[in-house]
Amino acid sequence: TQLLEQSPQFLSIQEGENLTVYCNSSSVFSSLQWYRQEPGEGPVLLVTVVTGGEVKKLKRLTFQFGDARKDSSLHITAAQPGDTGLYLCAGAFSGTYKYIFGTGTRLKVLA
Amino acid sequence: NAGVTQTPKFRVLKTGQSMTLLCAQDMNHEYMYWYRQDPGMGLRLIHYSVGEGTTAKGEVPDGYNVSRLKKQNFLLGLESAAPSQTSVYFCATWRDTGSDTQYFGPGTRLTVL
């Protein structure tokens, strides 16, 4: 059973376009993380959100945690080829020592 | 400071063979994790450890065993490899629950024929 569903699964866009990736669950998380993974490497943390409704910005990336802490979104403004990669969300339950990962969104930005 | 290292980087096994994957960290982190990554499945937790001498099952533990005899090392064993265990395996570490970041190793690509 996959607790975290990401959409879309694949996305190919032109440089300069905007995009949004979604991470949805029926479960409530105490915190949620977004990672980016390059081919042949391990995931690298982009951001952690912990409060319902929280919005964090990292340059052209905007992350939002849903009010009910069941979902999250990642919005990229003016995408660049360097944004190409696999984006993963991961949620943690209160009192546990582990994160559950989503299914991933593979993004390709064409020059 | 190497961070998180994994050995080996690549391996090909025949069905029924055994092997051990080694994860080593030099950051003195308490928590260590083994994940497998398959296309369209994200990362799935196999086993994890919250400290030296302790281990616990994750989402997909069947067919794997682990040991954490030393704080800096976390071993993942396959006693009798199956083709379904063909995957990329990642190790990760986490300092403690007050720390945001999990640090991932570079991965081990395993093929079971």
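Residues numbered from 1 in each chain as written. Chains lettered and ligands numbered in written order. Predicted model: local features only at pLDDT ≥ 70, side-chain atom pairs only at ≥ 80, totals over all residues. Heavy atoms only, no water.

Colleague: I keep staring at the environment of Lys9(B) and nothing clicks. Help me out?
Modeller: All names here are of chain B. Relative to the assigned elements, lysine 9 resides in the loop between strand E1 (4-7) and strand E2 (10-13). For lysine 9, a relative accessible area of 52% translates into the label exposed. With 101 residues separating them along the chain, lysine 9 and leucine 110 place their C-alpha atoms 8.4 Å apart. Discounting chain neighbours no more than four positions away, the residues touching lysine 9 are Gly107, Thr108 and Arg109. (Helix = DSSP H or I, 4+ residues; strand = E, 2+ residues; numbered from the N terminus. Buried < 20%, exposed > 50% of the residue type's maximum accessible area, 1.4 Å probe, protein only. Contact = heavy atoms within 4.5 Å.)

Colleague: Got a minute to help me understand the interface of chain B and chain A in this structure?
Modeller: Put simply, an interface is often sized by how much accessible area is lost when its parts join up. Counting residues at the interface gives 22 residues for chain B and 21 residues for chain A. Viewed at the interface, chain A and chain B are joined by 0 salt bridges. Joining chain B to chain A, the criterion identifies 2 residue pairs in polar contact (both at pLDDT 80 or more). In terms of residues, the side of chain B that touches chain A owes the most to one element, strand E4 (residues 31-37) of chain B, which gives 4 residues. Tallied by class, the residues present in the side of chain B that touches chain A amount to 12 nonpolar, 7 polar and 3 charged. (Salt bridge = Lys/Arg side-chain N within 4 Å of Asp/Glu carboxyl O. Polar contact = N/O pair within 3.5 Å; in protein donor to acceptor, adjacent residues only side chain to side chain. Nonpolar A, V, L, I, M, F, W, Y, C, P; charged D, E, K, R; others polar.)

Colleague: Sorry, what's going on with the pairing of strand E11 (residues 108-112) of chain B here?
Modeller: Successive side chains on a regular strand alternate, one facing one side of the sheet and the next facing the other. All names here are of chain B. Taking every second residue as pointing to the same face, the buried face of E11 carries Thr108, Leu110 and Val112, while none of Arg109 and Thr111 on the other face is buried. As defined by bridge partners, E2 adjoins E11 across 4 bridges and the pair is classed as parallel. Bridge pairing in E11 links phenylalanine 10 to arginine 109. Where strand E9 (residues 87-94) meets E11, 3 bridges bridge the pair, whose relative direction is antiparallel. Along E11, the bridge assignment pairs tyrosine 89 with threonine 108. (Pairing = 2+ DSSP bridges.)

Colleague: What am I meant to see in the sheet that holds strand E7 (residues 65-67) of chain B here?
Modeller: Two orientations exist for strands paired in a sheet by backbone hydrogen bonds: parallel and antiparallel. All names here are of chain B. Strand order in the open sheet formed by 4 strands is E1-E3-E8-E7, and the pairing between neighbours is antiparallel. In this open sheet, the two strands that pair with only one neighbour each are E1 and E7. Each adjacent strand pair in this sheet contributes to an overall mean axis angle of 20 degrees, direction not counted. Summarising the sheet, strand E3 (residues 19-25) and strand E8 (residues 73-78) pair through 6 bridges and their orientation is antiparallel. Residue pairing in the sheet places methionine 19 in a bridge with leucine 78 of E8. (Axes fitted to C-alpha atoms, helices over the stretch in contact; angles between N-to-C directions.)

Colleague: Is there a simple way to explain the state of the cysteines in this structure?
Modeller: Working definition: the covalent bond between the sulfur atoms of two cysteines is a disulfide. All names here are of chain B. If you walk through the whole model with that rule in mind, you get 2 disulfides over all chains. In this model, cysteine 23 is linked to cysteine 91 through a disulfide, with the two sulfur atoms separated by 1.9 Å. The disulfide joining cysteine 23 to cysteine 91 has a torsion of about -70 degrees about its S-S bond and is therefore left-handed. Highlighted residues: cysteine 23 in strand E3 and cysteine 91 in strand E9, separated in sequence by 68 residues. In this structure, cysteine 23 and cysteine 91 share a single accessibility class: buried. (Disulfide = S-S within 2.5 Å.)

Colleague: What exactly am I supposed to notice about the sheet that holds strand E8 (residues 71-76) of chain A here?
Modeller: Residues and elements named next belong to chain A. In spatial order, the strands read E1-E3-E8-E7-E6; together these 5 strands make up an open sheet with antiparallel pairing. Edge positions in the sheet fall to strand E1 (5-7) and strand E6 (55-58), since each has one partner strand and no second. When the angles between neighbouring strand axes are averaged without regard to direction, this sheet yields 15 degrees.

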